[in-house]
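Each chain is listed here by its residues.
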Amino acid sequence: ATMPPLLSAIATCGRHGVLVKSAAAMERLGAVTRVALDKTGTLTEESARVRGIQVLPGSGLTEYEALALAAAAERPSEHPLARAVVAAARERGLHLEPAADFASAPGRGVRAVVTGHTVQVGSPTALLDGAAAHLEGPGDPAPLTGGDAPVRTEIGDAPVRAAVAEVEDSGATAVAVLVDGRPVAVLAIAAPLRAGAAEAVAALGRLTGTPPVLLTGDNKRAAARLGEEVGIADVRAGLLPQDKVATVRGWEDAGERVLMVGDGVNDAPALAAAHTGVAMGRASSALTLETADAVVVRDELAAVPSLVTLSRRARRLVA
Ligand code: ADP
Ligand code: MG
């Protein structure tokens with residue numbers, strides 16, 4: 001007996017390291033009219049690296065001390081940036097103190113108590129721009145600020161601004177480290193592009209007839225640079241997870257069917273809001289498996305345009 005076309009397509013995907021959740025999901029993939037891609041962990045490899053550590057004047061810490069504190073706070077997080085920080089500390093043989101009261105805020109960063117001090121690691125915008133109220137706003141499941149250690153507004157803080165700008169100008173992601181609400185260091189973190197990223201973006205543009213869009217929580221400069229490398233002109237940076245959802249919903253409400261490609265770490269809600277959500281990565285969490293229609297468990301973005309093509313072929317056979 002021959003397999004129904006959609007089931008047969010799912011089996012083909014399985015053989016190529018792509019898990020498609022249902023026949024309905026397989027069918028939806030071929031109907032997409034626009035593709036949106038996340039940056040960190042999606043267009044870039046899951047393994048990012050710490051390229052530099054700038055300790056701020058007056059922090060009283062060495063580079064290694066700042067890195068060890070940041071790594072201790074990041075250890076419970078599965079974000080690619082967190083894994084980079086922990087790996088950098090381990091490579092240098094640093095001892096990591098245990099972290100208490102860990103909290104993470106999607107698209108912003110983490111907070112934990114290490115050796116009695118509140119350590120925050122994350123987006124300079126979220127941590128430095130007087131965003132304390134914002135961080136604790138309604139609907140935020142895990143506020144970053146501790147009641148005992150409110151984030152200080154550091155808008156006028158020249159050294160940290162300069163360090164962040166320098167990192168971002170280099171095309172890397174700047175990550176701020178704060179101890180008891182005071183900025184102590186800025187880390188430069190970068191991840192290589194996934195192999196075949198530019199080709200996959202071009203193929204997705206051809207398949208949908210619409211240029212793909214980059215949706216990222218990262219800074220404008222790093223996002224624009226990556227956009228140039230992969231051939232995406234429409235780059236939307238500085239987005240929180242809920243901004244990604246709103247962007248996807250906007251297109252869906254306008255009658256488009258969006259294929260959202262993410263890594264499922266901070267963008268699970270956007271994967272869920274899209275007509276079809278595809279998650280990249282072996283490290284996909286249980287939540288990602290819940291929300292995404294398909295998970296690519298091999299490291300190739302080329303799998304995404306292949307999914308669309310396979311779906312269309314199966315749909316033609318069904319019809
Ligand atoms: P992207 O949209 O590029 O995948 P995310 O939404 O995952 O990025 O994260 C957006 C920004 O939030 C990062 O660039 C970083 O500044 C900050 N961030 C989020 N989680 C962490 C973390 N665990 N450690 C450090 N920074 C973080
Ligand atoms: Mg991401």
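Residues numbered from 1 in each chain as written. Chains lettered and ligands numbered in written order. Predicted model: local features only at pLDDT ≥ 70, side-chain atom pairs only at ≥ 80, totals over all residues.

Overview of the site of ligand 1
Line of reasoning, step 1. Not every one of the 23 residues close to ligand 1 is listed here, only the nearest: K39, T40, H79, S123 and G217.
Line of reasoning, step 2. When contributions to the shell around ligand 1 are tallied by element, the ones reaching two or more residues are α3 (39–43), α5 (80–91), β5 (109–114), β6 (117–122) and β7 (173–179).
Line of reasoning, step 3. Ranked by residues supplied to the shell around ligand 1, first place goes to α3 with 3 residues.
Line of reasoning, step 4. The residue inventory of the shell around ligand 1, partitioned by class, reads 6 nonpolar, 12 polar and 5 charged. (Near = placed C-beta within 6 Å. Helix = DSSP H or I, 4+ residues; strand = E, 2+ residues; numbered from the N terminus. Nonpolar A, V, L, I, M, F, W, Y, C, P; charged D, E, K, R; others polar.)

As for the sheet that holds β5
Line of reasoning, step 1. Spatially, the 6 strands line up as an open sheet ordered β3-β8-β7-β6-β5-β4, and their pairing is antiparallel. For this open sheet the edge positions go to β3 (49–55) and β4 (99–105), each flanked by a neighbour on one side alone. Pairwise comparison of adjacent strand axes, ignoring direction, gives a mean angle of 20° for this sheet.
Line of reasoning, step 2. Both β7 and strand β8 (residues 182–190) contribute to a ladder of 7 bridges, which runs antiparallel. (Pairing = 2+ DSSP bridges. Axes fitted to C-alpha atoms, helices over the stretch in contact; angles between N-to-C directions.)

Brief notes about the sheet that holds strand β10 (residues 234–236)
Line of reasoning, step 1. In spatial order, the strands read β1-β13-β12-β11-β2-β9-β10; together these 7 strands make up an open sheet with mixed pairing. Of all strands in the sheet, those with a lone pairing partner are β1 (18–20) and β10, marking the two edges. Mean inter-strand twist for the sheet, computed between neighbouring axes without regard to direction, equals 20°.
Line of reasoning, step 2. As defined by bridge partners, strand β12 (residues 276–280) adjoins strand β13 (residues 294–296) across 3 bridges and the pair is classed as parallel. Directly across from A279, in β13, lies its bridge partner V295.

With respect to the packing of helix α1 (residues 5–15) against helix α14 (residues 303–318)
Line of reasoning, step 1. It is at 8 Å that the axes of α1 and α14 come closest, and there the two elements cross at 160°. When the axes of α1 and α14 are compared, the pair comes out roughly antiparallel. Where α1 crosses over α14, the handedness of that crossing is right-handed. On the side of α1, the interface is formed by P5, L6, A9, T12 and C13, while α14 contributes L307, L310, S311, A314, L317 and V318.
Line of reasoning, step 2. When grouped by side-chain class, the residues that make up the contact of α1 with α14 number 9 nonpolar, 2 polar and no charged. (Parallel < 35°, antiparallel > 145°, perpendicular 65-115°, else oblique. Left-handed = near helix turned anticlockwise from the far one by under 90°. Contact = placed C-beta atoms within 7 Å.)

A short note on the confidence of the model for the protein chain
Line of reasoning, step 1. Of all residues in the protein chain, 90% have pLDDT values of 70 or greater, and the mean over the chain is 89.
Line of reasoning, step 2. Under a pLDDT of 50 for its full length, residues 131–143 has, in the predicted model, 21 contacts with residues more than four places off or in other chains.
Line of reasoning, step 3. Reported for the predicted complex are a pTM of 0.85 and an ipTM of 0.97. (pLDDT = per-residue confidence, 0-100.)

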